[in-house]
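Chains, contacts and geometry: an overview
Below are the chains, spelled out letter by letter.
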Amino acid sequence: MAEPQSTRAPQSSTTPAAESAFFSPRSQRQLGLFAAGVGFFALSTAITRRSIVRRYKATVPKFYQPSNRPSGNINGAMEAFEALNIATVNVFSVGIMVTGGLLWAFDIASLDDMRSKVRTNLGVDPIRTDKDAEDEIEEWFASVLARKEFKALRGDKGIKTKGDEDEKKS
């Protein structure tokens, strides 16, 4: 007997993972900062844990030491400095992790992406370049300086304006 021919269409060669936006190179690049934050957080957690264990072991009395006297040398300034350093490292690591997660969640992969999203949300043309903004600011400065120069010339010539006369009457 002959085998029946399959009428199914051939399957596409792409896999679902390749089609997914989660596994795209852009998404992986965005998650890189989050992964760096997670690694840095794990490192800071290990440093914090090591410091706490070291402090605890310093307070436990030795075998032949009386337990009613605490062990000696405590430098408050150094302990405060170490605590500040550990807290700073912990906060920065969490900050890096949160920043990476937010950039991934809002689909921002570069500074240009962020600029376009902010400009879109503010109602400004997202395609506008920095050169356009510089030209606009340059025109504004020129108009301000021209008005200032005109006022200085009027004052030198003794020309009074309506605004100057109103100020004298008040």
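What counts and what doesn't
- Residues numbered from 1 in each chain as written.
- Predicted model: local features only at pLDDT ≥ 70, side-chain atom pairs only at ≥ 80, totals over all residues.
- Heavy atoms only, no water.
- Salt bridge = Lys/Arg side-chain N within 4 Å of Asp/Glu carboxyl O.
- Helix = DSSP H or I, 4+ residues; strand = E, 2+ residues; numbered from the N terminus.
- UniProt positions renumbered as here; feature names shortened; annotations may be inferred.
- Expected span 1.5 Å × (residues − 1).
- Buried < 20%, exposed > 50% of the residue type's maximum accessible area, 1.4 Å probe, protein only.
- Axes fitted to C-alpha atoms, helices over the stretch in contact; angles between N-to-C directions.
- Parallel < 35°, antiparallel > 145°, perpendicular 65-115°, else oblique.
- Left-handed = near helix turned anticlockwise from the far one by under 90°.

Brief notes about the pattern of salt bridges
Counted according to the given criterion, the structure contains four salt bridges. With its nearest N and O atoms 2.6 Å apart, the salt bridge here joins Arg-54 to Glu-82. With Arg-54 in helix H2 (residues 25-59) and Glu-82 in helix H3 (residues 76-105), this pair connects stretches of sequence that are 28 residues apart. Note that Arg-115 and Asp-112 form a salt bridge whose closest N and O atoms lie 3.1 Å from each other. With a gap of three residues between them, Arg-115 and Asp-112 both fall in helix H4 (residues 111-122), about one helical turn apart.

Concerning the UniProt feature "transmembrane region" (unreviewed entry) in the chain
Residues annotated in UniProt with the feature "transmembrane region" (unreviewed entry) correspond here to residues 31-48 and 83-106. The span residues 31-48 is 100% helix and 0% strand, and its two end C-alpha atoms sit 25 Å from each other. Here residues 83-106 runs as 96% helix and 0% strand, with 34 Å between its end C-alpha atoms.

Topic: H4
Between the first and last C-alpha of H4 there are 16 Å, a value that for 12 residues agrees with the 16 Å anticipated at 1.5 Å per step. Gly-123 lies just past H4 and shows a positive phi near 85 degrees.

With respect to unusual backbone geometry
Of note in the backbone geometry, Asp-107 takes a positive phi value of approximately 55 degrees without being a glycine. Looking at the secondary structure, you find Asp-107 in the loop between H3 and H4. On the accessibility criterion, Asp-107 (37% relative accessible area) is partly exposed.

A closer look at the packing of H2 against H3
Two elements in contact, H2 and H3, have axes whose closest approach is 8 Å; the angle formed by their N-to-C orientations is 160 degrees. If you check the angle between H2 and H3, you find them roughly antiparallel. When the axes of H2 and H3 are compared, the crossing they make is left-handed.

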